[in-house]
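Spelled out from the first residue to the last, the chains are:
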Amino acid sequence: MYNFMRKDRDSLPFCSNTRADSQLREDACSYPGILLIIFAFIFILYSDVFAAPEIRGNLFKDDDSKEPWNLAADEINHDRNTDIYTASGNVIITKGTRKLTADFVRFDHTTFHAHAQGNVTLKAGEDVLTGSSMDMDLKSETGTVQDGTIFLKENNFNISGKSIEKTGEKSYLVEEATVSTCDGETPDWKVTGKKITVDVEGYGFVNHATFWTKKLPVMYAPFLVFPAKIKRQSGLLAPEMGQSERKGIEYNQPFFWAINESSDATFYAHHMSERGEKAGFEYRYVLSKQTKGTLMFDFLNDRKKDDGTNDSDKKWGYLDDSYLRPNSDRYWLRMKHDQKLPDGFSAKVDIDIVSDQDYLHEFKDGYNGFNATESYFKKYFGREIDNYDDPVRTNRVNLNKNWPSYSLNAEARWYDNVVNRRWNDTDNTLHMLPLIEFNASKQKVSGTPFYADLDSEYTNFYRKDGTSGHRADFYPRIYLPYRFRNYFSFEPSLGLRHTSWYIDPASDIQITDKTHNREMYDVKLDLSTEVFSVFKLNGKSLDSIKHTIRPQIIYQFIPDKDQSGYPNFDSLDRMAKSNLVTYSLINTFTSKSPLRNPGKEGGKTEEKPSFNYNEFLRMKLEQSFDINEEKEDNPVKWANQKSKRPFSPIYGELKFTPLKYLSLSTDAKWSPYDSKFISRNGAGTISDARGDSISAEYRFENDSIESILSYLKIKITEKLSINADYEENLKDNTRIRTGLGFLYTAQCWSIDVKYTDEINDKKYFFMVNFTGLGGIGN
């Protein structure tokens, strides 16, 4: 019999490579192999019981099988006659970040039965499994953990049961189970079940499930079924509930379908007591890092119409609409797709088709509303969609390739004008089928002092009703930059443009010439300089400030050319004459702050300290002088504006971010002839480290817009914050929106409540979220 006695504490590597008795080495190496299986079993046991992704741990994922297991105990014995290993007294078994401790461990190599007893604790990283004892049969892969508790650091999950039993290869039984993400002996919430049976990659069944808050049972279900899958799992998601004047009582229930590893879908059943049933779905797929897509569709057979037949129907439209909405079939189809292609090419698809001009007004909020869709597309595809109040929606298929100095972009662009499509007899919306662009960035012409760039495009313009045709535009530009020492820079440039058109004979207009050609040139002179001064402060938090002044004068000349005989598809077809001098002055202030003090760190001397640079103040003034306006002799024009006006409005811009929690920005245009602002805009935000913030935005456009938008958030305590927002049309003295709410966040749950009052609707919002389980409300 081999007897390992330890009078004092030491350790033994399980798979030692030192030469010793061959049988001893064989036995010692078989022992850790069995323990490894035990630990893997323990990991599978508790990670699969509740197989939702939020509560899966990483215990004993064998990421480095070559690393030896180590056993340390006050006493280790092996009975060769019975082939039983025992270890007692402060037993510690470790491998990497994994660690098992117990008072006693026994393993029967003949029956493959393992037993650990007394203060059993299993750790992997920050995840912990504890129990009073463990018994398991490794041949049948069955076993039990008594008085077991599992703590998973991610989402702070605590799972406990009187016993956790593995009854088969993929089946489990948990007696008197409790699940919570709250700390403390009396958690803020918990879910208990008399008995839970689970089949991995199948379903779990709970007998007598109860949801508790503190010591108070709130909800009881005699029988509950839930999916128990190791991978993403299909099932019901938290619903949205609410009430509003336009929709009545709402209930939106999503169902998630985990199709496979690379795709999934969500289905929505949205009940509205005033409007009917709206159905929707989302399909998402990821084929590779650069190939992915999402398709979304919603449909509603609306009970209410805005057809103008009586006064009551007016509330189902919107005040800023010029068109009614007599349709009841309402839908929204949108999609984005990215595709990686061979030879460095990439493709993108954008689809956005809506049933009527009011639909996105109506459904801005919610799981599958406009705001959620726009945020999702921007986050995962880096592309936004047209605004909710835009009746013309952009649809395109794009093909692109970039080289270091060149780019090729080809796309078919279809503009879906929902007003023309549904309510007008004719549709003159202009589409580009296709648009092909080839551009070259500014680069030096080899062997010369010149630089050049190129913009070129071909477009096939198509419209259902009206003129269709083709256009090719070729626009190279030559530069001759010159710098006189450090005093100033001067860059003249010459642009040469050739444009050709071909009118489609199928167009429903009478035309004489199908082909047209235009040659034009333009001249640009750019004169600028830059002076700066550095003010040394040598402070602990501020080393210096750099003030830079950059005056600039740009002259642009485009000759006057009669273009009335050319087709007119867009602004490129009418190049306005220009004889313009634009002068500007830009002031910038940049701070230089040390990130850390130079000195000895870890015995090493830092040679160069690191600094943070912040352009905290930028001011710009700009105005143009129109030489053509000054020379022009047009009494009719002067009569309308009382005099010549060669000087443009003065444009001013200021951006000020002196501190991390303070930012201000404003811009304005001032008319020197009318002595008034043509436009002025301002925005500011003040916040602090606690999370308090206040922001405001003001917009003014002469004779058209004057509005203010403000937002306030106050953190009353670490857990409670209130928020409010207000928007008003100052021009008409009309309140657009008022919102007020609060958010309470505890350690393992939160509640968000808000009320909004808009011109067309009043909404009540609430959401209760339980960490790790999800939320309910809206």
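On a predicted model such as this, the values are computed, not experimentally measured, just so you know.

Scoring rules and cut-offs
- Residues numbered from 1 in each chain as written.
- Predicted model: local features only at pLDDT ≥ 70, side-chain atom pairs only at ≥ 80, totals over all residues.
- Heavy atoms only, no water.
- Salt bridge = Lys/Arg side-chain N within 4 Å of Asp/Glu carboxyl O.
- Helix = DSSP H or I, 4+ residues; strand = E, 2+ residues; numbered from the N terminus.
- Buried < 20%, exposed > 50% of the residue type's maximum accessible area, 1.4 Å probe, protein only.
- Disulfide = S-S within 2.5 Å.
- Lys, Arg positive; Asp, Glu negative; His and termini not counted.
- Polar contact = N/O pair within 3.5 Å; in protein donor to acceptor, adjacent residues only side chain to side chain.
- Contact = heavy atoms within 4.5 Å.
- Pairing = 2+ DSSP bridges.
- pLDDT = per-residue confidence, 0-100.
- Core = buried A, V, L, I, M, F, W, Y, C linked by side-chain atoms within 4.5 Å.

Caption draft 1: Structural context of the pattern of salt bridges. Taken as a whole and assessed by the stated rule, the structure comprises 39 salt bridges. Between Asp350 and Arg396 there is a salt bridge, with the nearest N and O atoms lying 2.7 Å from each other. Highlighted residues: Asp350 in strand 22 (residues 346-354) and Arg396 in strand 23 (residues 392-402), separated in sequence by 46 residues. For the pair Asp350 and Arg396, a shared accessibility class is recorded, and that class is buried. Close ionic contact of Lys378 with Glu384 constitutes a salt bridge, the shortest N to O distance being 3.2 Å. Residue Glu384 is classed as partly exposed on the basis of its relative accessible area of 45%. A network of salt bridges, in which partner residues are shared, links Lys336, Asp338, Asp350, Arg383, Arg396, Glu411 and Arg413.

Caption draft 2: Here's a closer look at the state of the cysteines. Evaluation of the coordinates by the stated rule reveals 1 disulfide. Paired by a disulfide, Cys182 and Cys748 hold their sulfur atoms 1.8 Å apart. Taking the torsion about the S-S bond as the criterion, the Cys182 to Cys748 disulfide, at about 85°, is right-handed. Placement of the pair is Cys182 in the loop between strand 11 (171-180) and strand 12 (189-199) and Cys748 in the loop between strand 43 (734-745) and strand 44 (749-758), with a sequence separation of 566 residues. Owing to a relative accessible area of 0%, Cys748 belongs among the buried residues under this scheme.

Caption draft 3: Structural view of the side chain of Asp453. Position of Asp453 relative to the elements: it lies in strand 26 (residues 451-462). Look at Asp453: it is buried, it has no salt bridge, and the nearest opposite charge is Arg477 at 6.0 Å. One polar contact links Asp453 to Tyr479, side chain to side chain, over a distance of 2.7 Å.

Caption draft 4: Broad picture of the environment of Asn587. Tracing the sequence through the fold places Asn587 in strand 33 (residues 578-594). In this structure, the C-alpha to C-alpha distance between Asn587 and Thr548, residues 39 residues apart in sequence, is 5.7 Å. The contacts of Asn587, once residues within four sequence positions are left out, are His547, Thr548, Ile549, Leu617, Arg618 and Met619.

Caption draft 5: The arrangement of the pairing of strand 33 in detail. Bridge count between strand 32 (residues 544-558) and strand 33: 15 bridges; the pairing is antiparallel. Paired with Pro551 across the strands is Leu585, a residue of strand 33. Across 15 bridges, strand 33 lies against strand 36 (residues 611-626) in antiparallel orientation. Note on strand 36: the bridge partner recorded for Thr582 is Ser624.

Caption draft 6: Structural context of the confidence of the model for the chain. Mean pLDDT over the chain works out to 82, with 82% of the residues at or above the 70 mark. Confidence, expressed as mean pLDDT per element, reaches its minimum in the chain at strand 1 (residues 3-4) with 30 and its maximum at strand 32 with 97. Every residue in residues 1-65 scores below 50 in pLDDT, and together they form 155 contacts with partners more than four places removed in sequence or on other chains.

Caption draft 7: A look at the pairing of strand 40 (residues 693-701). As defined by bridge partners, strand 39 (residues 676-687) adjoins strand 40 across 9 bridges and the pair is classed as antiparallel. What sits directly across from Ala683, in strand 40, is Glu697. Where strand 39 folds back onto strand 40 in an antiparallel hairpin, the turn is made up of 5 residues, including Gly691, whose phi is positive at roughly 115°. Of the strand pairs in this sheet, strand 40 and strand 41 (residues 705-715) are connected by 9 bridges, and their pairing is antiparallel. The partner of Ser693 across the bridge, within strand 41, is Lys713. Remark: 3 residues form the turn of the hairpin made by strand 40 and strand 41, two consecutive strands paired antiparallel; Asp703 in that turn has positive phi of roughly 65°.

Caption draft 8: Geometry of the nonpolar core. Formed by 29 residues in total, the largest nonpolar core has its most connected members in Leu71, Ala87, Val91, Val120 and Met134. Setting aside residues no more than four positions away along its own chain, Val91 makes contact with Leu71, Ala72, Ala73, Leu100, Thr101, Ala102, Asp103, Phe104 and Val105. Of all hydrophobic cores here, the second largest spans 14 residues; its members include Leu300, Leu360, Phe377 and Val419.

Caption draft 9: Quick peek at unusual backbone geometry. At the junction of Leu433 and Pro434, the peptide bond is cis and its omega measures out at 5° in the coordinates. Summarising the element assignment, Pro434 is placed in strand 25 (residues 431-444). One non-glycine residue, Asn90, adopts positive backbone phi at about 50°. On the secondary structure map, Asn90 appears in strand 5 (residues 84-95). Phi at Asn733 is positive, roughly 55°, even though this residue is not glycine.

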